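What follows is the residue order along each chain.
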Amino acid sequence: MKKFIVKRVCLSVLILFCVTFILYGLMRCLPGSFVENMAMTLSQAPGAKPYEEWLAQLNEAYGLDKEIIPGFFTWLWDAVRGNFGDSWKYSVPVLEKFQEVIWLSFIMGGIAFVLELIIAIPLGVIAATKQYSKADYLITAFALVGISLPTFFFATILKLIFSVKLGWFDLFGLVGRNYASLSATGKLLDKANHLVLPIATLVIVSVGSLMRYTRTNMLEVLNADYIRTARAKGLSEKRVIYHHAFRNTLIPLVTIIGGSLPGLFSGALITETLFSIPGIGYTSYQAMVSGDIPFSMFYMTFLAILTLASNLLSDILYAVVDPRVRIS
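What you see is a predicted model, and the numbers here were worked out from it, not measured in a lab. (Residues numbered from 1 in each chain as written. Predicted model: local features only at pLDDT ≥ 70, side-chain atom pairs only at ≥ 80, totals over all residues. Heavy atoms only, no water.)

Trainee: Just to check I follow, could you spell out the overall build of the chain for this structure?
Mentor: Helix and strand counts for the chain stand at 14 helices and zero strands. Sequence-ordered secondary structure for the chain, helices as α and strands as β, is α-α-α-α-α-α-α-α-α-α-α-α-α-α. Overall size of the chain, expressed as C-alpha extent along the three principal axes, is 90 × 60 × 35 Å. Across the 328 residues of the chain, 39% fall into the buried class. (Helix = DSSP H or I, 4+ residues; strand = E, 2+ residues; numbered from the N terminus. Buried < 20%, exposed > 50% of the residue type's maximum accessible area, 1.4 Å probe, protein only.)

Take a look at the structure:
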């Protein structure tokens, strides 16, 4: 296992190098950028230098005057040392802005992920054990609704019902109008209140696929020969389902769960934008729209690292859950 992990880590480093080079090349080839907008704004001031001079000066200041390959290795050397530069849009170091917004997205993603597991796996097991019953049809219909509804549409429906019609939650934002005058407990409850609808959106649109996946794998296991043998031995149905069948259903689920790691930290870009929640997804979206290359490069590199780490974690967990899988 140790040899396998070292080999995979080395391969991941090579893949990460290739991915970051492609990302840097794409960022440098964007048709518009924050630098061009800033140069245009500065050149319009009374008595200012021409646009071309401002553009050349700013490109030199931000290291964009080099060709793509030399510029990439300059960026890579700084990135290895933990220096991702200053965000053009937010005018603070990239890592400082990242640390400011990442934990909100992590809390939202973590809560949504736990709720998704609590809801999807039991319902998927129930649907499989009661195949073609009313419960199975209701659970399947619920799963299909979650899979079919686009995030922006479902979020709009929630806002219309619970914010506009009922007035239970605010339409957007993380804090209310009276946040500054509240106590410490009141501030915590106010933020929690604003996160209810975004988390509900994340859970509903994500729970359907995991529920269907659990049901499908559970049905496959329940039809296996060793399950019929266990029943023929006189074991109780509860022990057959939860001791034999469910444990083997966990094997493919590990891959799905391990692959969810990037989603916990990457933020829900669409959901955070729709509800104006200042998490990493919304912040990155604003940076990309503004042509903020330093922050966008860091965010994309961060996602690439998370994806590679989640794939490695899935392989390790697969070997842990399934005793038949041993990596030599």
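Trainee: Looking at this structure, how should I read unusual backbone geometry?
Mentor: Keep in mind that most residues, glycine aside, have a negative phi and that most peptide bonds are trans. A positive phi angle, close to 65°, is found at Tyr132, a residue other than glycine. Following the sequence through the fold, Tyr132 ends up in the loop between helix H5 (94-129) and helix H6 (134-148). Overall, the relative accessible area of 58% leaves Tyr132 in the exposed class. Positive phi values are uncommon outside glycine, yet Ser276 reaches one of about 55°. If you trace the backbone, Ser276 turns up in the loop between helix H12 (269-274) and helix H13 (280-289).

Trainee: I tried to follow the packing of aromatic side chains on my own but got confused; where do I start?
Mentor: How two aromatic rings sit relative to each other is given by the distance of their centres and the angle of their planes. This model, assessed by the stated rule, comprises 16 aromatic pairs. Pairing Phe84 with Phe298 gives two aromatic rings, centres 4.8 Å apart and planes at 70°, and the pair type is edge-to-face. You can see Phe84 sitting in the loop between helix H4 (68-80) and H5 and its partner Phe298 sitting in helix H14 (residues 293-321), a full 214 residues away along the chain. According to the relative accessible area criterion, Phe84 is buried, its value standing at 15%. Judged by its relative accessible area of 7%, Phe298 falls in the buried class. Clustering of aromatic rings is evident, with ring pairs tying together Phe17, Phe21, Tyr24, Phe72, Phe73, Trp75, Phe84, Phe98, Phe298 and Phe302. Of note, Lys89 hangs over the ring of Tyr90, and the distance from its end group to the ring centre comes to 5.7 Å. Stacked on the ring of Tyr90, the Lys or Arg Lys97 has its end atom at 4.5 Å from the ring centre. (Phe/Tyr/Trp six-rings, centres within 6.5 Å; stacked < 30°, edge-to-face > 60°. Lys NZ or Arg CZ within 6 Å of the ring centre and 35° of its normal.)

Trainee: Teacher, can you tell me more about helix H7 (residues 151-165) here?
Mentor: Because an α-helix completes one turn every 3.6 residues, residues spaced three or four positions apart along the sequence face the same direction. Taking 1.5 Å per residue as the helical rise, H7 with its 15 residues ought to reach 21 Å, and the 20 Å between its terminal C-alpha atoms agrees with that figure. Taking the largest bend as the criterion, H7 deviates by roughly 30°, centred on Lys159. Within H7, burial applies to Thr151, Phe154, Ala155, Leu158, Lys159 and Ser163. At its buried positions, H7 is contacted by helix H8 (184-222) and H12. Gly167 lies just past H7 and shows a positive phi near 70°. (Expected span 1.5 Å × (residues − 1). Bend = angle between axes of the 7 residues up to and from the residue. Contact = heavy atoms within 4.5 Å.)

Trainee: Mind showing me how you'd approach the environment of Ala143 here?
Mentor: Its location among the elements puts Ala143 in helix H6. Assessed through its relative accessible area of 1%, Ala143 is described here as buried. As for Ala143 and Met211, which are separated by 68 residues in sequence, their C-alpha atoms are 6.5 Å apart. If we skip the residues at most four places from it in the chain, Ala143 touches Gly208, Met211 and Arg212.

Trainee: In this structure, what is going on with the side chain of Thr20? I would like to understand it.
Mentor: By secondary structure assignment, the location of Thr20 is in helix H1 (residues 2-28). Ignoring anything within four residues of it in the chain, the contact list for Thr20 reads Phe72, Trp75, Met297 and Thr301.

Trainee: Where do I start with the packing of H6 against H8 in this structure?
Mentor: Two measures define how a pair of helices packs: the angle their axes make with one another and the distance between the axes. It is at 7 Å that the axes of H6 and H8 come closest, and there the two elements cross at 135°. One way to sum up the angle between H6 and H8 is to call them oblique. Of the two elements, H6 crosses H8, and the hand of that crossing is left-handed. Each of Asp136, Ile139, Thr140, Phe142, Ala143, Gly146 and Ile147 in H6 lies in contact with H8, whose residues at this interface are Ile204, Val205, Val207, Gly208, Ser209, Met211, Arg212 and Arg215. (Axes fitted to C-alpha atoms, helices over the stretch in contact; angles between N-to-C directions. Parallel < 35°, antiparallel > 145°, perpendicular 65-115°, else oblique. Left-handed = near helix turned anticlockwise from the far one by under 90°.)

Trainee: For this particular structure, what's the right way to read the nonpolar core?
Mentor: Nonpolar side chains in soluble globular proteins tend to be buried together. With 28 residues, the main nonpolar core has Val35, Trp75, Phe84, Trp88, Phe98, Ile280 and Met297 as its most contacted residues. Looking at this core, the element that brings in the most residues is H14, giving seven residues. Once you skip the residues sitting within four places of it in the chain, Phe84 turns out to touch Trp75, Ala79, Val94, Leu95, Pro294 and Phe298. One finds Met218, Leu222, Ala224 and Leu253 within the second-largest nonpolar core, a separate group that totals 21 residues. (Core = buried A, V, L, I, M, F, W, Y, C linked by side-chain atoms within 4.5 Å.)

Trainee: Sorry, what's going on with the confidence of the model for the chain here?
Mentor: On average, the chain scores 83 in pLDDT, and the residues at 70 or more come to 93%. Mean pLDDT across the elements of the chain ranges from a minimum in helix H11 (residues 261-266), with 70, to a maximum in H5, with 89. (pLDDT = per-residue confidence, 0-100.)

Trainee: Would you explain the environment of Trp168 in this entry?
Mentor: With respect to the helices and strands, Trp168 occurs in the loop between H7 and H8. Taking C-alpha positions, Trp168 is 22 Å from Gly279, a pair spaced 111 residues apart along the chain. With residues up to four places along the chain from it excluded, the contact list for Trp168 reads Phe162 and Asn193.

Trainee: Just checking my understanding: could you explain the pattern of salt bridges for this structure?
Mentor: Where charged atoms of side chains with opposite charge meet at close range, the side chains can pair. Applying the stated criterion across every chain yields a total of five salt bridges. Ionic pairing is found between Asp78 and Arg81, a salt bridge with its closest N-O pair at 2.6 Å. Arg81 gets classed as exposed once you look at its relative accessible area, which sits at 52%. Between Asp136 and Arg215 there is a salt bridge, and its shortest N-O distance comes to 2.9 Å. With a gap of 79 residues between them, Asp136 in helix H6 and Arg215 in helix H8 connect regions that are remote in the sequence. Overall, the relative accessible area of 13% leaves Arg215 in the buried class. (Salt bridge = Lys/Arg side-chain N within 4 Å of Asp/Glu carboxyl O.)

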